[in-house]
Every structure is written in structure tokens, then in C-alpha cells.
Amino acid sequence: AKMAAKQMEMESKCDELVKVARQEEQRRQETAVEDLKRKLVAITAAREEVEQRCVSYVQEIQDMQQRNVEVVQSLSHQAKQLEDELMRRNGQVGVLSNSLSAAEAESNKRWVLLEDTRKKCKDLQEEAAQWHRELQQALLEKKLVQSNLQQLNSQVDSLQKDRVRE
């Protein structure tokens, strides 16, 4: 009976130890579960935050893509306008180049005409100078003739007076 009582007592102690071990294990499991739940909540919150940032980044990327599309369209339009303007200006350059060539040819003709006119003018100036010299000579000769004529007229008058006196 003592043995049975000791066995019972041992079984009771064993049961108590198993019960304590089970309670300890249950507390550890509950703590581990609570810890895992906290971690799961933190991971879920972090995941949601990352998802929100990803959504925000995707929206920013889409906005940037849209702005880039608009910028590319605008730049393409400007490039087309510049290309059209360049073609128009190139056409004007061709016309102006032809006009310039014609103007240069006309200028060259007028330059030759100017040189001819200058030469003719110089010749005419030389001829006018010659005529001026001849005119001066003729005027001197006229004065001399007039002077001689006056002397002769004086002499004639004097002779006529002398004849009338005689």
C-alpha cells in the first residue's frame, strides 16, 4: 500500500509536472503566437505601406510618362515647324541667291559703265580745259586786237582831225 501510495504520489507529481510543463509550453506557444501575430500585423502594415508607395510610384511613373508623351509631342511639333521654316528659308535663300547673282551681274555692268563714264568725263574735262586755254588765248588775242583797234581808231581819228585841219 505504501508503494501504491508512493506510486500514486509520484504519478500525481508526474501529472503535476506534466501539467506545469504543458502550461509552460502553452504559455510559450501563446507568447510565440502573440509575437507572430504582432510580427504579422507589422509585416502586413509594412506590406500595405510598401503597396501604397508602389501605387504612388506607379502613378508618378504614369504621370511622368504622360508628361514625357506631351513633351515629345510638343517637341515633335516644334521640330516639324522648324523643319518647315527651314525649308521655307532655304527656298528664300535660293531666291535671294539668284537675286544676288543678278544684282552682282548688274552691278558689274554698272561698274563698267561707271568706269567708261569716268573716262569720258576725264576726256571731257581735258577737252574743256583745252577749250578754256584756247578761250583764254582767244580772249587775250581779242583784247590785243581791241587794243590795236582802239589805237588804230585813235590814229584814224587823229588823222581825220589832221585832214580836217588841213
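Given the structure is predicted, the values throughout are model-derived calculations rather than measurements.

Calculation rules
- Residues numbered from 1 in each chain as written.
- Predicted model: local features only at pLDDT ≥ 70, side-chain atom pairs only at ≥ 80, totals over all residues.
- Heavy atoms only, no water.
- Helix = DSSP H or I, 4+ residues; strand = E, 2+ residues; numbered from the N terminus.
- Rg over C-alpha atoms; globule rule 2.2 N^0.38 Å.
- Buried < 20%, exposed > 50% of the residue type's maximum accessible area, 1.4 Å probe, protein only.
- Areas by Shrake-Rupley, 256 points an atom, 1.4 Å probe, with all protein chains shown as cover.
- Lys, Arg positive; Asp, Glu negative; His and termini not counted.
- Charge placed at Lys NZ, Arg CZ, Asp CG, Glu CD.
- Salt bridge = Lys/Arg side-chain N within 4 Å of Asp/Glu carboxyl O.
- Patch = residues over 30% accessible without salt bridge, like charges linked within 9 Å, V, L, I, M, F, W, Y side chains within 5 Å.

**Focus on the overall build of the protein**
Okay, so step 1: Secondary structure summary: the protein contains one helix and zero strands in total.
Okay, so step 2: Taken over the C-alpha trace, the protein has a radius of gyration of 67 Å; the compact-globule value for 166 residues is 15 Å, which it surpasses by more than 25%.
Okay, so step 3: Expressed as lengths along the three principal axes of its C-alpha atoms, the size of the protein is roughly 225 × 35 × 20 Å.
Okay, so step 4: Across the 166 residues of the protein, 0% fall into the buried class.
Okay, so step 5: For the protein, the exposed surface amounts to about 15600 Å²; the carbon and sulfur share of it is 58%.
Okay, so step 6: On the protein, the mean spot of the 28 positive side-chain charges and the mean spot of the 30 negative ones are 2 Å from each other.

**Quick look at the pattern of salt bridges**
In a structure, side chains of opposite charge can pair up when their charged atoms sit close to one another.
Okay, so step 1: Taken as a whole and assessed by the stated rule, the structure comprises 12 salt bridges.
Okay, so step 2: With a shortest N-O distance of 3.4 Å, Asp35 and Lys39 are connected by a salt bridge. With Asp35 and Lys39 both in helix 1 (residues 2–165) and four residues apart, the pair spans about one turn of that helix.
Okay, so step 3: On the basis of relative accessible area, Lys39 is assigned to the partly exposed category, the value being 45%.
Okay, so step 4: Note that Glu85 is salt-bridged to Arg88, the shortest N-O span being 2.5 Å. Placement of the pair is Glu85 and Arg88 together in helix 1, with a separation of three residues, close to one helical turn.

**Side note on a nonpolar patch on the surface**
Okay, so step 1: A cluster of nonpolar residues, Tyr57, Ile61 and Met64, forms a patch on the protein surface that exposes about 300 Å² of accessible area.
Okay, so step 2: Here Tyr57 shows up in helix 1.

**With respect to the environment of Ala103**
Okay, so step 1: Here Ala103 shows up in helix 1.
Okay, so step 2: For the pair Ala103 and Glu30, spaced 73 residues apart in sequence, the C-alpha separation works out to 104 Å.

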